[in-house]
Amino acid sequence: AAGKDGMSSFQALATAIAAQVGTGNIAGAATALAIGGAGAIFWMWIAAFLGMATIYAEALMAQKYKTVGADGQVTGGPVYYIRAAFKGTFGKVLAALFAILITLALGFMGNAVQSNSIAAAFHTAFGIPQWIMGVVVAVIALFVFAGGIERIAKVTETIVPLMAALYIVGALIVIIYNYKNIPYAFAPQSVVGGAAGATVKLALTKGVARGLFSNEAGMGSTPHAHAVAKVNHPVEQGFVAMAGVFIDTFIVLNLTALVILTTKSIPTGKTGAELSQYAFSTLYGKGGDIFVAICMFFFAFSTIIGWYFFGQANIKYLFGPKAVKIYSVAAAVCVFLGSLAEVDLVWNMADCFNSMMVIPNAIALVALSGLVKKTHDDYYNNFLPNQKKGK
């Protein structure tokens, strides 16, 4: 069970996937397809394939440098391995910069984006005013936040398998119904994004951008969950982290893409969640809007919990455990405000801070690459042989 000494490896994976599988898998994939064409998905695969290596390194270093905070709870994340990579003032400044960026990008702005997607989807499906959904989501979120690591772990390990199963089954039914169109989705011209260089560029930029927004590899967010996993060796959690990217991109995101492509919904001119809702409604009718709204609620709400948890670790690092209550209320307020209006500005600001977060995290990972290899080799050369000997 989750507690002061961390959470189980599965709970850590569930918390990471909760954060990874969000609006990016429904709205982000649809936007990438609408703008970049089917070729965008190919580049999402490439981004995810490379991202699995990055997230492996992140999880290893997060495990290696996890620590016990001032409140007696196990904690970890990029701030600790940044400080390990660079001693002295430079390390302190880089770690503080990362902590501020992730708290703004995910804890505040990112969560506003997620609640906006929930409110918009429920307004389309049921006609519920967006502010009412904002209040509901903010109150439920605050209840989960208040329960600390134990409640966060319990909620994510319950929600994540459920929401993934629901979405996978619903999407597969649509894809199987339209099985004759599957070759269209994999046509060579779809993969390269057409012959025009501009189309390839658009497919590449949208595919990579939305792929990273979806699986978060390299951003430095999921290491907060992987740091607190109780495992015998850091490499074990590295493999678990890679599984998270695989589930997020190669399963969930691909299903959204295949639903849109096999229903030939791209020419409708719709984008974002509206395009996904349209694609599902070609088979389910009004039920398609409702299905996507319910999935969007689970996906986005679980992301709010995951992102809150990541921000909380950095608030503790910057200001100490006493600041967590203020942060939880501020995060809930952002969840409410995000539901009120179109959040183009918040989306753009979140994207901007997301990109900026990658820089200090990537600098540290490059500096620690030798240690990543050493930890990897130790697992195969020492840990595994000793396990087999029964030591």
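These numbers were taken from a predicted model, which means no experiment stands behind them.

Criteria and thresholds
Residues numbered from 1 in each chain as written. Predicted model: local features only at pLDDT ≥ 70, side-chain atom pairs only at ≥ 80, totals over all residues. Heavy atoms only, no water. Helix = DSSP H or I, 4+ residues; strand = E, 2+ residues; numbered from the N terminus. Buried < 20%, exposed > 50% of the residue type's maximum accessible area, 1.4 Å probe, protein only. Contact = heavy atoms within 4.5 Å. Areas by Shrake-Rupley, 256 points an atom, 1.4 Å probe, with all protein chains shown as cover. Core = buried A, V, L, I, M, F, W, Y, C linked by side-chain atoms within 4.5 Å. Axes fitted to C-alpha atoms, helices over the stretch in contact; angles between N-to-C directions. Parallel < 35°, antiparallel > 145°, perpendicular 65-115°, else oblique. Nonpolar A, V, L, I, M, F, W, Y, C, P; charged D, E, K, R; others polar. Salt bridge = Lys/Arg side-chain N within 4 Å of Asp/Glu carboxyl O. Phe/Tyr/Trp six-rings, centres within 6.5 Å; stacked < 30°, edge-to-face > 60°. Lys NZ or Arg CZ within 6 Å of the ring centre and 35° of its normal.

(A) Region of the structure containing the overall build of the protein chain. On a plain count of helices and strands, the protein chain comes out with 17 helices and 2 strands. Taken across its 391 residues, the protein chain has 55% of its residues classed as buried. Taking the intrachain contacts of the protein chain between residues at least 6 apart in sequence as the baseline, contacts between residues at least 24 apart amount to 83%. Carbon and sulfur atoms provide 70% of the accessible area of the protein chain, an area that totals close to 15,600 Å².

(B) Layout of the nonpolar core. Membership of the largest hydrophobic core comes to 112 residues, with the highest contact counts inside it found for Ile118, Val137, Tyr167, Phe280, Phe301, Phe310 and Met357. When sequence neighbours within four positions are dropped, the list of residues in contact with valine 137 reads Ile118, Phe297, Phe301, Ile304 and Val335. In this structure, Ala48, Met52, Ile55 and Val245 belong to the second largest nonpolar core, which totals 7 residues.

(C) Structural detail: the packing of helix 6 (residues 130-146) against helix 7 (residues 148-177). Where helix 6 contacts helix 7, the two axes come as close as 6 Å, and the packing angle between them is 120°. Between helix 6 and helix 7, the interaxial angle falls into the category oblique. In this structure, helix 6 uses Phe143, Val144, Phe145 and Ala146 to contact helix 7, whose residues at the interface are Gly148, Arg151, Ile152 and Val155. Within the contact of helix 6 with helix 7, the residues separate by chemical class into 6 nonpolar, 1 polar and 1 charged.

(D) Up close: the pattern of salt bridges. For the structure shown, the criterion picks out 5 salt bridges. Across the pair lysine 270 and glutamate 274 runs a salt bridge, and its minimum N-O distance is 3.8 Å. Assessed through its relative accessible area of 26%, lysine 270 is described here as partly exposed. Taking relative accessible area as the criterion, glutamate 274 reaches 46% and is therefore assigned partly exposed. Between aspartate 377 and lysine 373 there is a salt bridge whose closest N-O contact spans 2.8 Å. Of this pair, aspartate 377 and lysine 373 both sit in helix 17 (residues 369-389), 4 residues apart, roughly one helical turn. Note on lysine 373: relative accessible area 53%, which makes it exposed.

(E) Representation of the packing of aromatic side chains in the model. A full pass over the atoms with the stated rule returns 21 aromatic pairs. The interplanar angle of 75° and the centroid separation of 6.1 Å between the aromatic rings of phenylalanine 239 and tyrosine 379 together place this pair among those described as edge-to-face. With phenylalanine 239 in helix 12 (residues 234-262) and tyrosine 379 in helix 17, this pair connects stretches of sequence that are 140 residues apart. Among the residues examined, tyrosine 379 registers a relative accessible area of 9% and is labelled buried. The rings of Tyr56, Phe239, Tyr379, Tyr380 and Phe383 are connected pair by pair, giving a single aromatic cluster. If you follow arginine 151 out to its NZ or CZ, it ends over the ring of phenylalanine 143, 4.1 Å from the centre.

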